[in-house]
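Single-letter residue listing:
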Amino acid sequence: MSSTFVWTPDGSDQAVGYYSLVAHTVTRGSLPSKLRSGRRDPIPAALIGKLALAGELHGEGLGGQLLRDALERLVVASRSGPAFRVIVVDAVDKAAEGFYQHYGFQPVPDRPSRLVIHVGRVAEALGMNAARQ
Ligand SMILES: CC(C)(COP(=O)(O)OP(=O)(O)OC[C@H]1O[C@@H](n2cnc3c(N)ncnc32)[C@H](O)[C@@H]1OP(=O)(O)O)[C@@H](O)C(=O)NCCC(=O)NCCS
């Protein structure tokens, strides 16, 4: 079960980027220590299930904008819908891991392809009001 959002150029129905978002949970013990606060276990999360940009558009900053689009949507969702604390991604390869780390995602111990970030940190970085935490 996911919601998928697609980028199309003006005047075209050709998909050039997309991401999908899924409600998720993570066990508290699986998170980096700084994200383990509170007693709730498992911790409500949102998963970026897929995120990809057409190859001919790579390297122009649009991948970062696509991620920003997904993160803004998640921050809004976290304060207007069911609350969640962390955003999770499962990077498809080392390059994708580097991309997410560039934006502050942290690898999860024992599962390096999985990265997480606190939704409050994202809200702060994007200059959006902090979500309910
Ligand atoms: C991941 C992806 C969306 C990145 O798109 P992109 O257009 O190449 O990235 P951008 O040009 O927007 O880069 C944005 C920033 O991330 C940085 N970055 C990009 N790839 C990086 C990497 N592998 N390691 C570290 N930083 C990286 C860029 O240097 C840039 O930094 P800046 O804003 O400080 O200049 C794109 O490569 C893609 O669709 N890949 C295939 C699918 C995929 O791997 N999806 C993610 C995992 S599910």
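What counts as what
Residues numbered from 1 in each chain as written. Predicted model: local features only at pLDDT ≥ 70, side-chain atom pairs only at ≥ 80, totals over all residues. Heavy atoms only, no water. Helix = DSSP H or I, 4+ residues; strand = E, 2+ residues; numbered from the N terminus. Rg over C-alpha atoms; globule rule 2.2 N^0.38 Å. Buried < 20%, exposed > 50% of the residue type's maximum accessible area, 1.4 Å probe, protein only. Near = heavy atom within 4 Å. Polar contact = N/O pair within 3.5 Å; in protein donor to acceptor, adjacent residues only side chain to side chain. Areas by Shrake-Rupley, 256 points an atom, 1.4 Å probe, with all protein chains shown as cover. 1 Å grid on protein atoms, 1.4 Å probe; cavity = no way out; pocket = protein on both sides within 12 Å on 5 of 7 lines; lining within 4 Å. Sits in = over half its atoms within 2 Å of the grid points. Nonpolar A, V, L, I, M, F, W, Y, C, P; charged D, E, K, R; others polar. UniProt positions renumbered as here; feature names shortened; annotations may be inferred. Pairing = 2+ DSSP bridges. Axes fitted to C-alpha atoms, helices over the stretch in contact; angles between N-to-C directions. Contact = heavy atoms within 4.5 Å. Phe/Tyr/Trp six-rings, centres within 6.5 Å; stacked < 30°, edge-to-face > 60°. Lys NZ or Arg CZ within 6 Å of the ring centre and 35° of its normal.

1. Observations concerning the overall build of the protein chain
Here's step 1: For the protein chain, the helix and strand inventory stands at three helices and six strands.
Here's step 2: The N-to-C order of helical and strand elements in the protein chain reads β-β-β-α-β-α-β-β-α.
Here's step 3: In terms of C-alpha radius of gyration, the protein chain reaches 15 Å, essentially the compact-globule figure of 14 Å for 133 residues.
Here's step 4: Each principal axis of the C-alpha distribution contributes one length, and for the protein chain these read about 50 × 35 × 30 Å.
Here's step 5: Across the 133 residues of the protein chain, 37% fall into the buried class.

2. As for the site of the ligand
Here's step 1: Lining the immediate environment of the ligand, one finds 19 residues, of which Leu51, Leu53, Gly64, Ala95 and His102 sit closest.
Here's step 2: His58 places a polar side-chain atom, nitrogen or oxygen, 3.3 Å from an oxygen atom of the ligand.
Here's step 3: Here Gly63 contributes a backbone N or O atom positioned 3.0 Å from an oxygen atom of the ligand.
Here's step 4: Surface burial for the ligand is 64%, taken as the share of its 940 Å² of free accessible area covered by protein chains.
Here's step 5: Given that more than half its atoms are within 2 Å of the pocket grid, the ligand belongs to the largest pocket.
Here's step 6: Going through the elements one at a time, strand 3 (43-53), helix 1 (62-80) and helix 2 (94-102) are the ones with two or more residues in the shell around the ligand.
Here's step 7: The class makeup of the residues in the shell around the ligand is 11 nonpolar, seven polar and one charged.

3. Remarks on the UniProt feature "domain: N-acetyltransferase" (unreviewed entry) in the protein chain
Here's step 1: In the UniProt entry, the feature "domain: N-acetyltransferase" (unreviewed entry) is given for residues 13-107.
Here's step 2: Counted over residues 13-107, helix gives 29% and strand 29%. Its end C-alpha atoms are 35 Å apart.

4. Concerning the sheet that holds strand 6 (residues 111-118)
Here's step 1: Sheet architecture is open: six strands sit in the order 1-2-3-4-6-5, paired in mixed fashion. Looking along the sheet, the strands with just one partner apiece sit at the ends: strand 1 (3-7) and strand 5 (106-108). In this sheet, adjacent strand axes meet at a mean angle of 35° when their direction is disregarded.
Here's step 2: Where strand 3 lies against strand 4 (residues 86-90), four bridges are found, and the strand directions are parallel. The residue of strand 4 that forms the bridge with Ala45 is Val86.
Here's step 3: Packed on one face of the sheet, helix 1 meets strand 1, strand 2 (17-26), strand 3 and strand 4 and runs near 150° to strand 3.

5. What about the packing of aromatic side chains?
Here's step 1: As enumerated under the stated definition, the model contains four aromatic pairs in all.
Here's step 2: On the basis of an interplanar angle of 65° and a centroid distance of 5.3 Å, the ring pair of Tyr100 and Phe105 is categorised as edge-to-face.
Here's step 3: Of the aromatic side chains, those joined through ring pairs into one cluster are Phe99, Tyr100, Tyr103 and Phe105.
Here's step 4: In this structure, Arg73 is placed above the aromatic ring of Phe5, and the distance from its NZ or CZ to the ring centre is 3.8 Å.

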